[in-house]
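The chain contents come next:
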Amino acid sequence: MYRSHTCGELNTSNIGTVVTLSGWIQKIRDKGFVAWIDLRDRYGITQLVFDEDRTPKELLNQVRSLSRETVIQAKGKVIERASKNTAIATGEIEVLITELHVLNESLLPPFTIEDETDGGEDIRMKYRYLDIRRNPVKENLIFRHKVSMEVRRYLSDQGFIDVETPYLIKSTPEGARDFVVPSRMNEGQFYALPQSPQTFKQLLMVGGMDKYFQIVKCFRDEDLRADRQPEFTQIDCEMAFIEQEDILNTFEGLTKHLLKEIKGVEIENFPRMTFDEAMKRYGNDKPDIRFGMEFGELNNVAQHRDFNVFNSAELVVGIAIPGGNSHTRKEIDKLVDWVKRPQVGALGMVYCRCNEDGSYKSSVDKFYNQEDLAKWAEATGAKPGDLICVLSGDKTKVRAQLSALRMEIAERLGLRKADEFAPLWVIDFPLLELDEETGNYHAMHHPFTSPKPGQLELLDSNPGEVKANAYDLVLNGNEIGGGSIRIHDKETQAIMFKHLGFTPDEAKEQFGFLMDAFQYGAPPHGGIAFGLDRLVSILGGQETIRDFIAFPKNNSGRDVMIDAPANLDDEQLKELNLKLDL
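Position labels on residues start from 1 in each chain and follow its written sequence. At least 70 in pLDDT is required for a residue's local features to be given in this predicted model, at least 80 for side-chain atom pairs to be given and counted, and no such filter applies to totals for whole chains, interfaces and linings, which use all residues. Remark: hydrogens and water are excluded; side-chain values derive from all non-hydrogen atoms of the structure.

Asks: What's the story with the pattern of salt bridges in this structure? I'm lost.
Replies: Opposite charge on two side chains permits pairing when their charged atoms draw close. Within this document, salt bridges are pairs made up of a side-chain nitrogen of Lys or Arg and a carboxyl oxygen of Asp or Glu, the two lying within 4 Å of each other. Counted under the stated rule, the structure contains 40 salt bridges. Linking lysine 217 and glutamate 231 is a salt bridge whose minimum nitrogen-to-oxygen distance equals 3.9 Å. Of this pair, lysine 217 sits in strand β9 (residues 211-219) while glutamate 231 sits in strand β10 (residues 231-240), placing them 14 residues apart in sequence. Accessibility expressed as a relative area gives 29% for lysine 217, which makes it partly exposed. Connected via shared salt-bridge partners are Glu245, Glu252, Lys256, Glu268 and Arg272. By definition, any uninterrupted DSSP run of H or I lasting at least four residues is a helix, any uninterrupted run of E lasting at least two residues is a strand, and each is numbered from the N terminus. Accessible area is worked out with a 1.4 Å probe on protein chains only. A residue is then buried under 20% of its type maximum, exposed over 50%, and partly exposed in between.

Structure, rendered in structure tokens:
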């Protein structure tokens, strides 16, 4: 056998036992008359000792010829360690080696395989299999496994059935771009990789499965960010014979279960907030409610003077930075420069100091008096010692700009604590969004989302006011899950397709299979999908999903380790009836 024990399990109870260990050489220390090897496997590190009094000379010489990351098998007796290391589980013992076999030699790694490595991100992604040997990456992957297992356990206990759905499906025009796969046997035709198993899980409800879940790979051909990958994993769920309240209660339960079992945190309160309220109070539909700095709308108290910047704005809105009056003028100028960056896009920022004596000093004192500024403080909830930051302009843009500033300030003030969790349901989303370029409406979630009860008739008269029977679960300023109650009858679905610009023929071509299924007794149903990568990263105290994926892509969507995507040779292209004219 290669090993009798792992490198993380031996302790003083094993003293005197002859053991066999296998693993990678983490480090070699040679003092001449004695040498030590730190042997590492997934479970930990055990110190091996070789000395000239108790170790054959040829074995001691062999140790001196070894290199880091070489895979070895070693046999010896467990002895008490003279200089104990309390930082590791095996730090009270060591193994006096009598036999050693090299299982595979290693080249010198391109970076050190240690917790604090000297390797940059690019080189670590190229040699990801080496990076996985480091504790931070290994522990992230084990953490992801624990989360996945708790998800499966909770949903299975709730009566959900894990059902696999196809990866080779039909391309649809909704949502992001599809990844497409040419079909060799059907010349000129293509499969698409699923952005979501949406229609299949609805068909499972028609099939009577009642409660479905799947931890499933999904694919979107879109630009990447730190929290986006071209392939990502969803906890995909659907339930029949339910209303919105049933979904919210079930998946509050899942989230509570994960927080308790994974983090030891018990949270009872899951506040609910409408989309409109979230936009008004926080400027976005996934607000971080671990801290305050809620928006204060200032139109009524700022548009009565001769300051045209405010008077010409659709919205004047501000936030109060706690203790922000301590900022120097130079620090405030840096905030102004920050909001004027192209990524944020503000034209400038007005500020007002709230002095400890109850007076105010603003950057627009020539236009506003102390009484005016006191009303600004009241509207933003500012207290003596705070700093009010005010932006103005187009309603949609300025809310997004101030939201970005709010999050940046919170980051600088240390208010976004990784060990603090604040879940929130956002409900009552608009059903449709207006594309300003084309003037057409498109589904804010997807075309199978049901309007709120009693609002279907508004689609003809005022489509922009129709609310969706949809909900998002937000955790610490990140959307971790989203879903809706679905349309489950053919007539309502046809009305929805019409308002999304589909002709009857186009709707039949794209979604005829679903419309047909609805004619055979489709039950009321709804569901939700959690982003597993994002959920795991937040539970793990981070917001970059790449650290919790075994083999991630880079910001260009490339796998630099295997060098993908790559060209196909001419024979493959010919088999697929494809011709590339570059």
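Asks: Any chance you could explain the packing of aromatic side chains here in plain terms?
Replies: Given two aromatic rings, their pairing is described by the distance between the two centres and the angle made by the two planes. Think of it this way: a Phe, Tyr or Trp ring, Trp meaning its six-membered ring, pairs with another when their centres are within 6.5 Å, and the plane angle makes it stacked under 30 degrees, edge-to-face over 60, tilted otherwise. With the rule as written, the count across this model stands at 18 aromatic pairs. Judged by centre distance (5.4 Å) and plane angle (40°), the rings of phenylalanine 275 and phenylalanine 429 are tilted. With phenylalanine 275 in helix α7 (residues 275-282) and phenylalanine 429 in the loop between β17 (423-427) and β18 (432-434), this pair connects stretches of sequence that are 154 residues apart. Ring centres 5.0 Å apart and planes at 40° place the aromatic pair phenylalanine 307 and phenylalanine 367 in the tilted group.

Asks: I'm lost on the sheet that holds strand β6 (residues 161-162) in this one. Help?
Replies: Strands in a sheet are paired, the pairing made by backbone hydrogen bonds, and the direction either parallel or antiparallel. Pairing is mixed across the open sheet formed by 8 strands, whose spatial order is β6-β9-β10-β22-β21-β20-β17-β11. At either end of the open sheet lies a strand with only one pairing partner, and these are β6 and β11 (272-274). Only when DSSP finds a minimum of two bridges between them are two strands counted as paired. Across 3 bridges, β11 lies against β17 in parallel orientation. By the bridge assignment for β17, arginine 272 is matched with tryptophan 425. It only takes one pair of heavy atoms within 4.5 Å for two residues to be counted as in contact. The axes used here are C-alpha line fits, helices contributing only the stretch in contact, and every angle between their N-to-C directions lies in the interval 0 to 180 degrees. Contacts between helix α4 (residues 135-157) and the sheet are confined to β6, β9 and β10, with β9 contributing the most and set at about 150° to the helix. The strands touched by α7 are β11 and β17; relative to β11, the strand with the most contacts, the crossing angle is about 90°.

Asks: Help me out: how do you make sense of the sheet that holds strand β14 (residues 350-354) in this one?
Replies: What the 5 strands build is an open sheet, ordered β12-β13-β16-β14-β15; its pairing is antiparallel. Two strands bound the open sheet, and with one partner strand each, they are β12 (296-297) and β15 (360-362). In terms of strand pairing, β14 meets β15 through 3 bridges, oriented antiparallel. Its bridge partner lying in β15, cysteine 354 is registered against tyrosine 360. Of the strands in this sheet, β13 (315-321), β14 and β16 (387-393) are in contact with helix α10 (residues 329-339), which crosses β14 at around 145°.

In short, the description is geometric, and any link to function would need to be established separately.
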